[in-house]
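# Observations on the model geometry
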Amino acid sequence: MLRKRMRFKGLTLGLLLAALITGAGPAAYAADSFSIGAMRPGSAWYVFGATLAQLLKPSLPKGSNPEVIARGGGVSNPAAVDKKKATIALSNVASALWAYNGLKGVYKQKHNNIRALIGGLNKVRVTAMVTESYIKRTGNDTLEKAMLSKPPARIVMKPAGSTVPVVADMLMAALGTSRKDMKARGGKIIQVAANQIPAIIKDGRADLYFEVAIPRHPTVTEVTTTIAMRFLSFPQKALKALAANGLRTAAVPGKWFKGIKGKVMAVDLGTVLIAHKDMSDSLAYTITKTLAENKKAMGKAHAAWRFFKPKNGGKTASVGVPLHPGAAKYFKEKGWL
């Protein structure tokens, strides 16, 4: 059974933290702990966290055991960093901005202690796909038809903590419906871990699948190669509403997965690495520099990071929230900011 936290013995962050991390008082970081907020084992973000820990090793002194937190997601990770439950974490650009501003319906408070280290790490799309058998059975070949029909399509997606259900709720609202309304019309909404989704679709228990997808996303790849699926564009009025919430309209590249026919429009979430404002400038600088100067190693670890352009890592569109001063120092030195 996989443990919720993966410990990298021999990685050396404790002394670094003791020397570099500031922020006195009970909320300050423990000198022997350094955690990287990611997602479940097998996910791209988990691979990222493990790779980052290894990349940091050569430039850090001996003494501690950094951990990759094998849970969380785009929505929960910003709150974890804000509360110092994670030293650094991956976040979507949009969800980092939502957390920073305390977007109602998503966050109960503002998490404006978070700062960006480096963004533009990969291309991310919130996608919607239905089974070809559903289209054949109902004739509903658009997302609007699938969600507004009676009964509506049965939806499967990840649980709370992921960005997926938040975007799905925004999409429903833009189309004049909601989870409650869809259930009242005979619909069903299933929320499970990503690794359970392929079996649910294969067994015919769900018709419509929402997911945050990147190139070679393991779950989406499994679903689209074992089941006949079709990606559907988000309706224009939904794209407009989502754009108002910081979600940039973008096409899903046809070469990413099977089932993408023609131009499929979705939204781009972006990916950014965040830290707490109390992190020392020196440590923030080191982490930012390590990522920016190891693009090839990141791309080798996972295909999604081959799109990463370090020179864009500090730009507003790539980070969403204010840059940490230590990160800004690195980008300024490179002439990228």
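Refer to the structure printed above.
Below is a summary of the structure that appears in this document. Computed from a prediction, not measured in an experiment: that's the story for all the values here.

Another point: a positive patch on the surface. Residues Lys123, Lys255, Lys295, Lys309, Lys311 and Lys315 make up a contiguous surface patch of positive charge. You can see Lys311 is positioned in the loop between helix H13 (295-301) and helix H14 (316-319). A residue is classified by how much of its surface remains accessible, and Lys311, at 48% relative accessible area, is partly exposed.

The next thing to look at is the packing of aromatic side chains. As enumerated under the stated definition, the model contains 7 aromatic pairs in all. On the basis of an interplanar angle of 45° and a centroid distance of 5.2 Å, the ring pair of Phe48 and Trp305 is categorised as tilted. Of the two residues, Phe48 is situated in helix H2 (residues 44-56) and Trp305 in the loop between H13 and H14; the sequence distance between them amounts to 257 residues. Neither residue differs from the other here; Phe48 and Trp305 are each classed as buried.

Of all hydrophobic cores here, the largest spans 89 residues; its most connected members are Ile88, Phe210 and Leu273. In this structure Leu273 touches Phe48, Leu52, Ile88, Ala89, Leu90, Arg115, Ala116, Leu117, Ile118, Leu121, Ile287 and Leu291, once residues within four positions along its chain are discounted. In this structure, Ile190, Ala206, Ala213 and Met229 belong to the second largest nonpolar core, which totals 21 residues.

The next subject is the packing of helix H12 (residues 281-292) against helix H15 (residues 325-334). Between two packed helices, what matters for the description is the angle formed by their axes and the separation of those axes. Between H12 and H15, whose axes approach to 7 Å, the crossing angle comes to 50°. The orientation of H12 relative to H15 falls into the category oblique. Judged by the sense of rotation from one axis to the other, the crossing of H12 with H15 is right-handed. Contacts between H12 and H15 pair Asp281, Ala284, Tyr285, Thr288, Lys289 and Ala292 from the former with Pro325, Gly326, Ala327, Lys329, Tyr330, Phe331 and Glu333 from the latter. Partitioned by chemical class, the residues of the contact of H12 with H15 number 7 nonpolar, 2 polar and 4 charged.

Parameters at a glance
Numbers given for residues are sequential positions, taken from 1 along each chain in its written order. Side-chain atom pairs in this predicted model are given and counted only at pLDDT of 80 or more, local residue features only at pLDDT of at least 70, and totals for whole chains, interfaces and linings cover all residues. Each side-chain value is worked out from all heavy atoms of the structure, with water and hydrogens disregarded. Patch membership requires over 30% relative accessible area and the absence of a salt bridge. Like charges are linked within 9 Å, and nonpolar side chains (Val, Leu, Ile, Met, Phe, Trp, Tyr) within 5 Å. With residues, only the protein chains shown are counted as cover, and all accessible areas are computed by Shrake-Rupley using a 1.4 Å probe. What makes a salt bridge here is a side-chain nitrogen of Lys or Arg within 4 Å of a carboxyl oxygen of Asp or Glu, nothing more. For the purpose of charge, His is not counted, nor are the chain termini; Lys and Arg are scored as positive and Asp and Glu as negative. Lysine's charge is taken at NZ, arginine's at CZ, aspartate's at CG and glutamate's at CD. Working definition: helices are DSSP H or I runs of at least four residues, strands are E runs of at least two. Numbering for both runs from the N terminus. Exposed residues in this analysis have more than 50% of their type's maximum accessible area, buried residues have under 20%, and partly exposed residues fall in between, with area computed by a 1.4 Å probe over protein chains only. Stacked, edge-to-face and tilted labels apply to pairs of Phe, Tyr and Trp rings (six-membered ring for Trp) whose centres lie within 6.5 Å, assigned for plane angles under 30 degrees, over 60, and everything in between, in that order. For our purposes a nonpolar core is just a set of buried Ala, Val, Leu, Ile, Met, Phe, Trp, Tyr and Cys residues, chained together by side-chain atoms within 4.5 Å. Here a residue-residue contact requires only that any non-hydrogen atoms of the pair lie within 4.5 Å. Axis angles are defined between N-to-C directions and span 0 to 180 degrees, where every axis is a line fitted to C-alpha atoms and, for a helix, only to the segment in contact. Relative orientations are named as follows: roughly parallel for angles under 35 degrees, roughly antiparallel for angles over 145 degrees, roughly perpendicular for angles from 65 to 115 degrees, and oblique for any other angle. Left-handed describes a crossing whose near helix is turned anticlockwise from the far helix by less than a right angle; the clockwise case is right-handed. We call Asp, Glu, Lys and Arg charged. Ala, Val, Leu, Ile, Met, Phe, Trp, Tyr, Cys and Pro are nonpolar, and the rest, Gly among them, are polar.

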